[in-house]
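An overview of the molecular structure
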Amino acid sequence: MSKIINVIKGTKDILPKDIPSWHRLESVALDVFSRYGYKEIRTPIFEATELFARGVGDTTDIVNKEMYTFEKSDRSLTLRPENTAGVVRSFIENGMSRLSAPVKLWYHGPMFRYERPQAGRQRQFHQVGVEMFGIEQPTADAEVILLAVNYLKSLGLNDLTVEINSLGCPTCREAYKAKIKEVLKPEFDNLCEDCQNRYERNPLRLLDCKVESCKEIFEKPEIKKVIQSDFICEDCAEHFSQLKSYLDTMGVRYSENKLLVRGLDYYNRTVFEIKSNNLGSQNAVCGGGRYDRLVRNLGGEDTPAVGWAMGMERLNSLLPEVEAEKLDAYVVSNFPKEAFMLAEKLRAEGKSVEFDLTNKKFTKQLEKASKVANFALILGEDEIKSGTVSVKNLATSEQNTVKENEVLALL
Ligand code: ATP
Ligand code: MG
């Protein structure tokens, strides 16, 4: 026997028994997002590496450590680690800025990040997400957060916490960054290695650090005071306060978290996360925010935008499994030709039907039928002679013999 080949570490098969749970995430998304006017988009799974370097940002963990990059014909290509950059590329390339705003798009599919695999963290995982282009007003931020909350509610998830923050605009954030650096300077040697690396390149990312010793440093009174200060400018503050008042009106409960900065470079003003209280340490199900400069950075016209992404594995782990549906009917017969014909007739009418291709004993076939189907369609010698079928309801054991053309109505 040849040696078996295993699935790659950090990736998983989604087996037939799991598929109904995945279909639920996708069909509820289609249903809920359509009600808000979103259209689905599907972009390629690999893109030019430069798209992510510029789009996600070269100070991020994703671009620095987590990308699956390969060369082909002298081009550097990368498996998408997230889908916002790809959607923005497509928005620009297909002239979607000429459409009337807002342009609302949603997607779902696999993403790839070279991370340490653990519960809730894979190297190939799936996201469902939305992007809204063209609206600067906080109504857009409020609507995408409301959409996220309603999607989760429609799935049956209520025990969730929405956290929001405002990162301000590039202008007001620069002063804040400088202040953060200044107040953390005396602590530099006590910061973890990652934070020391981020200190120059992306100082706000420090606040997101999960290392205990760093978290303790941010709790020191003089440092906490700077972190908690209201650094954002008047316009940004007004935008944020309007967002909060829309959320209040819509009954969305949220808390403000000044340590919430998000991993990606492109966010400005609103950022948010939705966390589950039942997920352990990888507890974020949804992350998003506003990214007004990204379209321009990737060569398009200045277009404000806001969006989010959710981890589909994490959603499924919070939800009860969806049971696979049984067949509508299983034909029980030792006459394969007649069984074929009956099955095909019902399939043509949209019913799911199987029969025993190996012509096993009648009793074995009945046993199988009761496991896999809602009805057994018994086609013995008597039935064939009289042009009838005995229809057995496998839940109630009730059985009726009817004319062949009356079977469909009973299923
Ligand atoms: P985290 O803090 O968990 O690493 P992130 O900030 O990297 O999340 P985003 O890039 O915003 O996450 O992705 C949005 C969502 O996608 C996350 O909230 C999470 O549910 C999911 N997600 C991200 N990375 C992974 C992964 N490696 N495996 C499974 N799900 C993931
Ligand atoms: Mg991450």
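Just above, that's the structure.
This report concerns the structure included in the present document. (Residues numbered from 1 in each chain as written. Chains lettered and ligands numbered in written order. Predicted model: local features only at pLDDT ≥ 70, side-chain atom pairs only at ≥ 80, totals over all residues. Heavy atoms only, no water.)

Reading across the sheet, the 5 strands line up as 13-12-14-15-16 and stay open at both edges, with mixed pairing between neighbours. Looking along the sheet, the strands with just one partner apiece sit at the ends: strand 13 (353–355) and strand 16 (399–403). Averaged over neighbouring strand pairs, the angle between their axes works out to 25° when direction is ignored. With 5 bridges connecting them, strand 15 (residues 388–393) and strand 16 associate as antiparallel partners. Its bridge partner lying in strand 16, serine 390 is registered against threonine 401. Contacts between helix 13 (residues 336–348) and the sheet are confined to strand 12 (327–333), strand 13, strand 14 (373–379) and strand 15, with strand 13 contributing the most and set at about 170° to the helix. The sheet strands contacting helix 14 (residues 362–372) are strand 12 and strand 14, and the helix crosses strand 12 at an angle near 180°. (Pairing = 2+ DSSP bridges. Helix = DSSP H or I, 4+ residues; strand = E, 2+ residues; numbered from the N terminus. Axes fitted to C-alpha atoms, helices over the stretch in contact; angles between N-to-C directions. Contact = heavy atoms within 4.5 Å.)

Closest axis-to-axis distance for the helix 5 (residues 138–155)/helix 10 (residues 234–249) pair is 8 Å, and the angle between their directions is 40°. In this view, helix 5 runs oblique relative to helix 10, as classed from their interaxial angle. Crossing of helix 5 against helix 10: the hand is right-handed. Taking contact as the criterion, the partners of Pro138, Thr139, Asp141, Ala142 and Ile145 in helix 5 are, on helix 10, His239, Gln242, Leu243, Tyr246 and Leu247. Here the contact of helix 5 with helix 10 is composed, by residue class, of 6 nonpolar, 3 polar and 1 charged. (Parallel < 35°, antiparallel > 145°, perpendicular 65-115°, else oblique. Left-handed = near helix turned anticlockwise from the far one by under 90°. Nonpolar A, V, L, I, M, F, W, Y, C, P; charged D, E, K, R; others polar.)

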